[in-house]
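Structural description and commentary
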Amino acid sequence: MPNATCSLCGRQADTEEAPITWMTSLENGRKLLYCDQCARENVRSIEGKLDSAWW
Ligand SMILES: [Zn+2]
């Protein structure tokens, strides 16, 4: 198993499991990972996407 890798910036975690500060997002059935930095920068658009998909 490869280490957890950020889907946006390609940053790799030290472990296979994403650190607790990272964010996971399911998009079109694919699991995407965002590192803490990208999660902070993209939390609004990610949440917006989830909301529109949910409703
Ligand atoms: Zn990142």
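Throughout what follows, the structure given in this document is the object of discussion. (Residues numbered from 1 in each chain as written. Predicted model: local features only at pLDDT ≥ 70, side-chain atom pairs only at ≥ 80, totals over all residues. Heavy atoms only, no water.)

**Focus on the coordination of the zinc ion**
To keep it simple, the criterion reads: Each metal site is built from N, O and S donor atoms within 2.8 Å (3.2 Å for Na, K and Ca), and since water is not included, such sites may look incomplete. In this scheme the shape depends on donor count and angles: four donors with every angle between 85 and 135 degrees give tetrahedral, four or six donors with opposite pairs above 155 degrees and others between 65 and 115 give square planar or octahedral in turn, and any other case is irregular. Strands here are runs of E lasting at least two residues and helices are runs of H or I lasting at least four, both read from the DSSP assignment and numbered beginning at the N terminus. Type-normalised accessible area, obtained with a 1.4 Å probe on protein chains alone, sets the label of each residue: buried when under 20%, exposed when over 50%, and partly exposed for intermediate values.
In the first shell of the zinc ion, the protein supplies Cys6 (SG), Cys9 (SG), Cys35 (SG) and Cys38 (SG), at 2.3 Å from the metal. Of note is the zinc ion, whose four donor atoms meet at the metal with angles of 105 to 116 degrees in an arrangement that counts as tetrahedral. Read N to C, the donor residues that coordinate the zinc ion are spaced as C-x2-C-x25-C-x2-C. Remark: Cys38 occurs in helix H1 (residues 36-54) and Cys6 occurs in the segment before strand E1 (23-27); sequence separation between them is 32 residues. Taking relative accessible area as the criterion, Cys6 reaches 4% and is therefore assigned buried.

**Here we look at unusual backbone geometry**
Here the phi dihedral of Asn28 falls at roughly 55 degrees; this positive angle occurs in a residue that is not glycine. For Asn28, the position within the fold is in the loop between E1 and strand E2 (30-34).

**Some remarks on the pairing of E1**
Filter applied, for reference: Here a strand pair is declared whenever DSSP counts at least two bridges between the two strands.
Both E1 and E2 contribute to a ladder of five bridges, which runs antiparallel. Note on E2: the bridge partner recorded for Met23 is Tyr34. Linking two consecutive strands that pair antiparallel, namely E1 and E2, is a turn of two residues; a positive phi of about 55 degrees is found at Asn28 within it.

**Observations concerning the layout of surface pockets**
To be explicit about the condition: Here a cavity denotes a set of grid points, spaced 1 Å apart and computed over the protein atoms alone, in which a 1.4 Å probe fits but from which it cannot get out, and a pocket denotes an open set meeting protein on both sides within 12 Å along at least five of seven lines; residues with an atom within 4 Å of a point are reported as lining. Grid points are joined across faces, edges and corners, and a volume is the space filled by probe spheres set on the points. Nonpolar residues are Ala, Val, Leu, Ile, Met, Phe, Trp, Tyr, Cys and Pro. Charged residues are Asp, Glu, Lys and Arg, and all others, Gly as well, are polar.
Counted as a void, the largest pocket has a volume near 160 Å³. Every residue lining the largest pocket is listed: Met1, Ala4, Thr5, Glu16, Glu17, Ala18, Thr24, Lys31 and Leu33. Split into classes, the residues belonging to the lining of the largest pocket amount to four nonpolar, two polar and three charged.

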